[in-house]
Amino acid sequence: MILIADCGSTKIDWCVLNNDKVEKQIFTCGMNAIMLTEEEMRSRIAEELRPELGTLAEQITEVYFYGAGCISAEVCGNVASAIRANVPSATKIEVYSDLLAAARALCGRQTGIACILGTGANSCLYDGKGISANVSPLGYILGDEGSGAVLGKLFLGDVLKNQLPAHISAKFLQEYDLDLLTIIRRVYKEPQGNRFLASVTPFLSANISVPEIHDIVFNAFKAFFKRNIHQYTGYQEHPINFVGSIAYHFKPVLEEAAEASGCKVGTILKSPMDGLVKFHSSK
């Protein structure tokens, strides 16, 4: 049996494959591997995953873990050790970045451009085996163009600087029970400000017909293509593929921005697991 994990900061999607068929799917709390020790990860997996696996844990021979923060050999080694302690029957444990998960889910074993557009943003040129080029996303302060966090940042800035129709701003503040001081506190003083910023994107989706909101999203997506995709050699030759909730829910505007940027949108997946199951079932 094969165990696949798609790990984000919010949740982990675990999928057990038995002869290329899904035996069981499990959801546990997310974790960012770069922010946790091996012991902390081992404990979380023991408490949240092991009980759900039950006797399946003794039948798993391969584990493929794709995760946020898995960006160095040391971090990947810590994750592998934490998994090995909980799934001792596994003779192969491989740990990769969430970006490679997106590439494999979207492109399989073909060359292409794969992007993540969720709370954060990332992109890469994929050669069918690995990532051959990557423009650093830089996070939501310096980069992450088009991400949920950046859309939220731009929108809230316009709300607080009176750049939107007054009734739209009032409607938003009432629906989300927010005011200036609360927003400032949530962004600058409380942890995970990026998640708070991204949490307002459902309002943008529901009100995308408002010209000012459409322009925020459209221009952020254009910036994503200009500052990231245009740096990949031959980007005009490949459809631009996406995984993530922002790409999924804002698909029409994303396609509009792509056309305006000389790009063409290909596959869009809300999450990568279905694509990863297909990838690991076709070895």
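This section reports on the structure supplied with the text. (Residues numbered from 1 in each chain as written. Predicted model: local features only at pLDDT ≥ 70, side-chain atom pairs only at ≥ 80, totals over all residues. Heavy atoms only, no water.)

**Some remarks on the nonpolar core**
Going by this rule: Throughout, nonpolar core names a set of buried Ala, Val, Leu, Ile, Met, Phe, Trp, Tyr and Cys residues whose side chains join them through atoms within 4.5 Å. Whether a residue is buried, partly exposed or exposed follows from its accessible area with a 1.4 Å probe, protein chains only, as a fraction of its type maximum: under 20%, in between, or over 50%, in that order. Where helices and strands are cited, they refer to DSSP runs of H or I of at least four residues and of E of at least two residues respectively, numbered from the N terminus. It only takes one pair of heavy atoms within 4.5 Å for two residues to be counted as in contact.
By size, the foremost hydrophobic cluster in this structure holds 45 residues, and its most contacted members are L117, F155, F221, F225, I229, F242 and L254. The element contributing the most residues to this core is helix α11 (residues 211-227), with eight residues. Apart from the residues lying within four places of it in its own chain, the contact partners of L254 are L117, F221, F225, F242, A247, V265 and I268. Among the nonpolar cores identified, the runner-up in size contains 31 residues, and M1, A5, L53 and C76 belong to it.

**Points about the sheet that holds strand β9 (residues 240-243)**
Just so we agree on the cut-off: By the convention used here, strands pair only if DSSP detects at least 2 bridges between them. In this analysis an axis means a line fitted to C-alpha atoms, helices contributing only their contacting stretch, and an angle means the value between N-to-C directions, from 0 to 180 degrees.
Reading across from one edge, β8-β7-β6-β9-β10 is the order of the five strands in this open sheet, with mixed pairing throughout. The open sheet terminates on both sides in strands that have one partner only, identified here as β8 (131-133) and β10 (265-269). On average, each strand axis in the sheet is tilted by 35 degrees relative to the strand beside it, whichever way the strands run. Pairing between strand β6 (residues 112-117) and β9: four bridges, direction parallel. Bridge pairing in β9 places I116 opposite V243. This element, helix α4 (residues 98-107), spans β6, β7 (121-126), β8, β9 and β10 of the sheet and lies at about 125 degrees to β6.

**Topic: the environment of Y126**
The condition that has to hold: Each polar contact in these results corresponds to two N or O atoms within 3.5 Å; when the atoms are within protein, one needs to be able to donate a hydrogen and the other to accept it, and residues that are neighboring in sequence are counted only if both atoms are side-chain atoms.
Inspection of the secondary structure assignment puts Y126 in strand β7. Given the relative accessible area of 0%, Y126 is considered buried. In this structure, the C-alpha to C-alpha distance between Y126 and V253, residues 127 residues apart in sequence, is 25 Å. Excluding anything up to four places from it in sequence, Y126 contacts L100, A103, R104, C107, G108, R109, Q110, T111, G112, I131, S132 and F279. Among the polar contacts listed, one links the side chain of Y126 to the backbone oxygen of G108, at a separation of 2.7 Å. At a separation of 3.2 Å, a polar atom in the side chain of Y126 contacts the main-chain carbonyl oxygen of G128.

**Comments concerning the packing of α11 against helix α13 (residues 251-260)**
To describe two helices that pack against each other, one gives the angle between their axes and the distance between the axes. Counted only if it meets this: In this scheme, roughly parallel covers angles under 35 degrees and roughly antiparallel covers those over 145, while 65 to 115 is roughly perpendicular and the rest are oblique. Helix crossings are classified by the rotation of the near helix relative to the far one: an anticlockwise turn of less than a right angle makes the crossing left-handed, while a clockwise turn makes it right-handed. Any residue that is not Ala, Val, Leu, Ile, Met, Phe, Trp, Tyr, Cys, Pro, Asp, Glu, Lys or Arg is counted as polar, Gly included; the first ten are nonpolar and the last four charged.
Across the interface, α11 lies against α13 with an axial gap of 9 Å and an inter-helix angle of 50 degrees. As far as their axial angle goes, α13 and α11 are oblique. When you trace α11 past α13, the crossing you get is right-handed. Residues H214, V217, F218, F221, K222 and F225 of α11 form the contact with α13, whose participating residues are V253, L254, E256, A257, A258 and A260. Split into classes, the residues belonging to the contact of α11 with α13 amount to nine nonpolar, one polar and two charged.

**Describing the sheet that holds strand β4 (residues 62-67)**
On the basis of which strands lie adjacent, the open sheet formed by five strands has the order β3-β2-β1-β4-β5 and mixed pairing. Either end of the sheet is taken by a strand with one partner, and the two such strands are β3 (21-29) and β5 (92-97). On average, each strand axis in the sheet is tilted by 15 degrees relative to the strand beside it, whichever way the strands run. Each of β4 and β5 is contacted by helix α3 (residues 73-86), which is oriented at about 140 degrees to β5, the strand it contacts most. Contacts between helix α14 (residues 273-281) and the sheet are confined to β1 (2-7), β2 (11-18), β3 and β4, with β1 contributing the most and set at about 150 degrees to the helix.

**Structural notes on the pattern of salt bridges**
So the rule is basically this: By definition, a salt bridge exists where a carboxyl oxygen of Asp or Glu is found within 4 Å of a side-chain nitrogen of Lys or Arg.
Counted by the stated rule, this structure contains four salt bridges. Of the charged contacts, one joins R185 and E190 as a salt bridge, the two residues approaching to 2.7 Å between their closest N and O atoms. In this structure, the salt-bridge partner of R186 is E190, at a minimum N-O distance of 3.2 Å. Its relative accessible area of 29% is what places R186 among the partly exposed residues.

**Looking at α13**
The condition is simple: Along the arc lie the directions from the helix axis toward the C-beta atoms.
Those residues of α13 that sit buried are V253, L254, A257 and A258. Down the axis of α13, the buried set is contained in an arc of 140 degrees. They therefore lie on one face. Opposite the buried face of α13, at more than 90 degrees from it, the exposed residues are P252 and E259. Buried-residue contacts for α13 involve β6, α11, β9, α12 (245-249) and β10. Just beyond α13, the residue with positive phi is G262, at close to 75 degrees.

**Describing the packing of aromatic side chains**
Condition: Side-chain rings of Phe, Tyr and Trp (the six-membered ring for Trp) are treated as a pair once their centres are within 6.5 Å; stacked means planes under 30 degrees apart, edge-to-face means over 60, and tilted covers the remaining angles. Each ring is checked for a lysine NZ or an arginine CZ that lies within 6 Å of its centre and within 35 degrees of its normal; such an atom marks a charge sitting over the ring.
On inspection of all chains with the given rule, the structure shows 11 aromatic pairs. Judged by centre distance (6.3 Å) and plane angle (80 degrees), the ring pair of Y176 and F203 falls under edge-to-face. Highlighted residues: Y176 in the loop between α7 (166-175) and α8 (180-188) and F203 in helix α10 (residues 201-206), separated in sequence by 27 residues. For Y176, a relative accessible area of 26% corresponds to the partly exposed category. The class for F203 is buried, based on a relative accessible area of 2%. Ring centres 6.1 Å apart and planes at 80 degrees place the aromatic pair F225 and F242 in the edge-to-face group. Residue F225 is located in helix α11, and its partner F242 is located in strand β9; the two are separated by 17 residues in the primary sequence. Judged on exposure class, the residue F225 and its partner F242 are both buried. An aromatic cluster of at least three residues, connected via ring pairs, comprises F155, F172, Y176 and F203. A cation over a ring is seen here: R104 above Y96, with NZ or CZ 4.7 Å from the ring centre.

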